[in-house]
Amino acid sequence: MTKTHLGHRARKRFGQNFLHDQFVINDIVDAINPQSSENLVEIGPGLAALTEPVADRVKRLTVVELDRDLADRLEQHPKLRDKLKVHRGDALKTDFRMFAQTQPIRVFGNLPYNISTPLIFHLLEQLDVIQDMHFMLQKEVVERLAAEPNTKAYGRMSVAIQQACAVEPVLMVPPEAFTPAPKVDSAVVRLVPYENPPYPVTKRADLHKICLIAFNQRRKTIRNNLKELLSDQQLEALNIDPNARPETLTIEDYCRLANWYTEHKGHHASN
């Protein structure tokens, strides 16, 4: 199989793998279930494999595309150009709030694997305008998003996402659904932001910071990893065993830690 697809060569630096399997495309669009008057935003539309069938069901659609050739092609697309608003730019630097001036946005995309984690963290900062998200990701990333405590896949991403969103793996996608075929399996995940998170945190940035430090050395105990921030007594007061490993703590535990940290920043264990 050649790497050129409809006259466009997949670019490694953009992590491009183009979806071409019509059955898979239909399943993804059905999972998104776009309604006519909704405000949809697609990240990385590529060759419009998802863009076209979604545009068939809605009045307007915004797409965020970094690749200039693809952006040009989308703006000139005979079927799409009247419905499409092409935002040229890097999704990682895009303020998604600007697309939500009249109503919340529904975000979807076949995300380049090399930016999926930072992009999801970027969107977590803008959840107030997001109704839901549907992403095609590496299967392994979807497993991390949905992982339970005490599993190998459970980590900082599991905690950060599950604190903020209901996570639902929707569909498995084999490599041969893409051109060029990636070396990994893919999966589609649905992320629905909570209106009232089951475990509220005062500052999400502090939760992310605590998780980053806690999971940095998974084999070490929580006492070791968080020793700059909390003493054994403080951990115990929060009902956390200082000898526990990071992956044994629940999302609720991490939220308690984060809220404590937000309140006591500047009065660390070393003082």
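The preceding data block contains the structure.
This is a predicted model, so every value here is computed, not measured.

Asks: Sorry, what's going on with helix α6 (residues 156-164) here?
Replies: An α-helix turns once per 3.6 residues; consequently, residues spaced three or four apart project the same way. Across the nine residues of α6, eight count as buried, placing the element largely inside the fold. Looking at the buried residues of α6, the elements they touch are α4 (116-124), α5 (139-146), β9 (165-173), β11 (186-193), α7 (204-216) and α10 (251-264).

Asks: In this structure, what is going on with the nonpolar core? I would like to understand it.
Replies: If you look at soluble globular proteins, the nonpolar side chains tend to sit buried side by side. If you look at the biggest cluster of nonpolar residues, it comprises 33 residues, and the most contacted ones within it are Ile43, Phe96, Ile105, Met133, Phe135, Leu137 and Leu145. Secondary-structure elements contributing two or more residues to this core are β4 (40-43), β7 (105-110), α4, β8 (130-138), α5, α6 and β11. If you tally residues by element for this core, the top one is α4, at five residues. Setting aside its immediate chain neighbours within four residues, Leu137 contacts Leu111, Tyr113, Ser116, Ile120, Val142, Leu145, Ser186, Ala187 and Val189. Membership of the second largest hydrophobic core comes to 27 residues, among which are Val24, Leu50, Phe178 and Val188.

Asks: Help me understand the pairing of β11 in this model?
Replies: Regular strands have side chains that alternate between both faces of the sheet. Most of β11 is tucked away: seven of the eight residues are buried. Pairing of β8 with β11, which is carried by six bridges, proceeds in the antiparallel orientation. Among the inter-strand pairings, Met136 is bridged to a residue of β11, identified as Val188. In this sheet, β11 lies alongside β9 in antiparallel orientation, the contact comprising eight bridges. Each residue of the ladder has a partner; that of Met172, found in β11, is Ala187.

Each value, and the rule that gives it
Residues numbered from 1 in each chain as written. Predicted model: local features only at pLDDT ≥ 70, side-chain atom pairs only at ≥ 80, totals over all residues. Heavy atoms only, no water. Buried < 20%, exposed > 50% of the residue type's maximum accessible area, 1.4 Å probe, protein only. Helix = DSSP H or I, 4+ residues; strand = E, 2+ residues; numbered from the N terminus. Contact = heavy atoms within 4.5 Å. Core = buried A, V, L, I, M, F, W, Y, C linked by side-chain atoms within 4.5 Å. Pairing = 2+ DSSP bridges.

In short, shape yes, function no, at least from these values alone.
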